[in-house]
Structure formats: C-alpha cells, structure tokens
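What the coordinates show
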Amino acid sequence: MALTAAGMVATMYGAFLWAPTEVTMGDVQRIFYIHMACWAVAFPAYFVVSFTGIAYLINGNMKWDRIGLACAEIGTLFCTGGLITGPLWAKPAWGVWWTWDMRLTLSLIVWLLYLSYLLLRDFIEEPVKRAKFAAIYGIFAIPAVIFDYMAIRLWRTQHPQPVIMGGEGSGLDPTMRMVLLISTVTFVVWFILLAMLRVRLEKQRDEVSQLRRELMMGS
C-alpha cells in the first residue's frame with residue numbers, strides 16, 4: 001500500500017512538474033502519462049481473464065474464476081480511465097472530444113464487452129455454471145483486445161502512432177520515458193494490489209455462500 005502511494009506521488013510529480021513540456025501540444029500532453037498507464041494495465045488484465053478462463057476449463061478450480069473476475073473488474077476500471085483521459089487529451093489536441101476512428105471505436109467495444117461480462121455474471125446464480133460461462137466469454141472476448149492493441153499498427157487512425165517501438169520517428173525524450181516508466185510500474189503495482197484484495201474478498205464471499213447453503217440444507 002505504501003509503495004503504491006509513493007508511486008502515485010512520484011507519478012504526479014513526474015507528469016506535472018518533472019517531465020518537459022511537449023513542443024506541439026503543450027501541457028495537455030501530460031495526460032499521456034496517466035492515459036498510457038491505464039491502458040498498460042487494462043490490456044494485460046484482460047489477457048489474464050482469458051488465461052484464467054482456460055485454466056478453469058482445464059481443472060475446474062474456482063480460484064481461477066475468482067482471479068478472472070478480479071482482473072475483469074479492475075481491467076474495466078482502468079479501461080474506463082483510459083476512455084476518460086483520452087477525450088480530455090483529444091479535445092485540445094484534435095479539436096473534438098471523440099471521433100469514430102478504428103482505435104477509439106475498438107476501445108469502446110472492448111469496454112462494452114467486459115462491462116457486459118460483469119453484468120451477465122450477475123444473472124447466473126449457480127457458481128459452476130457462472131464460472132464456465134465466464135471462462136468461455138473471457139476466451140472469446142480476447143480477439144477484440146488484440147485488434148484494439150494492433151489498430152494503430154494495422155490502420156491509419158486519428159489516434160497517434162506508437163511512441164515506443166513504433167518504428168522510424170518514434171521515441172520519447174529520456175525524461176518523458178522515465179516518467180512513463182514510473183507511472184506504468186505504479187499502475188501495475190496498484191493493479192496487483194487491488195487484484196489480490198479482490199480475490200481475497202471473493203473467496204470469503206464464496207465461503208460464506210457455501211456455509212449458508214450448508215446451513216439451509218441442514219435445517
């Protein structure tokens with residue numbers, strides 16, 4: 001917890017005070033360090049949902065369902081952060097809050113897919129049936145995440161091209177790169193902490209539900 005708090009302080013200091021001002025966009029570009037870090041967590045979180053789905057279908061251990069649920073919830077939280085900070089950056093940079101280009105549209109679709117995943121889980125009361133549904137859904141939803149990530153490499157979009165490993169002309173000022181690294185590591189640590197707490201909470205809730213069922217059967 002203390003490490004995450006320190007990392008957030010360092011991220012805010014780096015983003016708003018330490019990193020140099022971008023020549024073309026000015027101070028609004030500082031949103032980049034939060035925007036990029038949100039997606040750096042959301043995409044891997046959704047991949048974990050897919051992997052845990054495969055693991056659950058193989059061995060049927062409910063711990064994989066709990067991990068998948070935690071990652072879907074937290075991934076969607078960070079995905080929401082990415083979708084909010086994007087328009088805040090886009091309006092000053094592009095002159096519009098939103099444009100239906102391939103990257104932005106796919107990002108919205110991904111958000112809707114995993115929001116639906118979370119909502120649909122609530123309609124299935126039987127734990128094993130719910131876990132199987134979630135596992136299959138998580139596996140089949142991952143192609144949307146892959147296409148979203150690859151969109152700016154596969155199509156010419158309004159969204160900027162990659163600044164890291166984006167080919168000729170890409171790259172960041174060393175200080176900008178360091179601030180981005182700090183923010184990304186901080187958000188990843190934050191994600192891991194939240195996931196651990198969420199898995200523990202879900203396990204306790206499952207244990208309480210199991211105890212309640214046993215008591216009802218005994219009565």
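Quantities reported herein were computed from a predicted structural model and do not represent experimental measurements.

1. Things to note about helix 2 (residues 32-59)
Taking 1.5 Å as the rise per residue, helix 2 with 28 residues should run 40 Å; its terminal C-alpha atoms sit 41 Å apart, in good agreement. Directly after helix 2, the chain includes Gly60, whose backbone phi takes a positive value near 70°.

2. Details of the nonpolar core
One finds Tyr46, Phe78, Tyr114, Tyr117, Val145, Phe187 and Phe191 to be the most contacted residues of the largest nonpolar core, which totals 30 residues. For this core, the elements supplying multiple residues, two or more each, are helix 2, helix 3 (62-94), helix 4 (102-121), helix 5 (127-154) and helix 6 (174-218). A total of 10 residues in this core trace back to one element, the largest contributor, which is helix 2. If sequence neighbours within four positions are ignored, Phe191 has contacts with Val41, Ala45, Cys71, Ile74 and Phe78. In this structure, Tyr33, Leu172, Met176 and Leu180 belong to the second largest nonpolar core, which totals 10 residues.

3. As for helix 5
Taking 1.5 Å of rise per residue, the 28 residues of helix 5 would be expected to cover 40 Å, and the 40 Å separating its terminal C-alpha atoms lies within 8% of that figure. A side-chain oxygen of the first residue of helix 5 lies 3.2 Å from the backbone nitrogen of Val128; this N-cap is Glu126.

4. A short note on the pattern of salt bridges
A complete count under the given rule lists five salt bridges for this structure. One salt bridge in this structure joins Asp148 and Arg103, with 3.1 Å as the shortest N-O distance. In this pair, Asp148 sits in helix 5 while Arg103 sits in helix 4, placing the two residues 45 residues apart along the sequence. Assigned by exposure class, Asp148 and Arg103 land together as buried. Taking the shortest distance from any N to any O, the salt bridge between Glu202 and Arg198 comes out at 2.9 Å. Here Glu202 pairs with Arg198, and both are found in helix 6, just four residues apart, close to one helical turn. On the basis of relative accessibility, which here comes to 6%, the residue Glu202 falls in the buried class. A relative accessible area of 15% means that Arg198 is categorised as buried. Each of the salt bridges in this network shares a partner with another, and the network as a whole consists of Glu73, Arg198, Glu202 and Arg205.

5. Brief notes about the state of the cysteines
Evaluation of the coordinates by the stated rule reveals zero disulfides. With no disulfide partner, Cys38 has as its closest neighbouring cysteine sulfur the one in Cys79, 9.2 Å distant.

6. Structural notes on the packing of aromatic side chains
For the coordinates displayed, the defined rule picks out 13 aromatic pairs. For the pair Phe43 and Tyr149, a centre-to-centre distance of 6.1 Å together with 90° between the ring planes defines the contact as edge-to-face. You can see Phe43 sitting in helix 2 and its partner Tyr149 sitting in helix 5, a full 106 residues away along the chain. Judged by its relative accessible area of 39%, Tyr149 falls in the partly exposed class. For the ring pair Phe47 and Phe51, a centre distance of 6.3 Å and an interplane angle of 40° mean the geometry is tilted. One end of the pair, Phe47, and the other, Phe51, are both in helix 2, four residues apart, so they sit about a helical turn from each other. Accessibility expressed as a relative area gives 53% for Phe51, which makes it exposed. Put simply, the rings of Tyr46, Tyr114, Tyr117, Phe133 and Tyr137 touch in pairs and so form one group of aromatic residues.

Criteria and thresholds
- Residues numbered from 1 in each chain as written.
- Predicted model: local features only at pLDDT ≥ 70, side-chain atom pairs only at ≥ 80, totals over all residues.
- Heavy atoms only, no water.
- Helix = DSSP H or I, 4+ residues; strand = E, 2+ residues; numbered from the N terminus.
- Expected span 1.5 Å × (residues − 1).
- Core = buried A, V, L, I, M, F, W, Y, C linked by side-chain atoms within 4.5 Å.
- Buried < 20%, exposed > 50% of the residue type's maximum accessible area, 1.4 Å probe, protein only.
- Contact = heavy atoms within 4.5 Å.
- Polar contact = N/O pair within 3.5 Å; in protein donor to acceptor, adjacent residues only side chain to side chain.
- Salt bridge = Lys/Arg side-chain N within 4 Å of Asp/Glu carboxyl O.
- Disulfide = S-S within 2.5 Å.
- Phe/Tyr/Trp six-rings, centres within 6.5 Å; stacked < 30°, edge-to-face > 60°.

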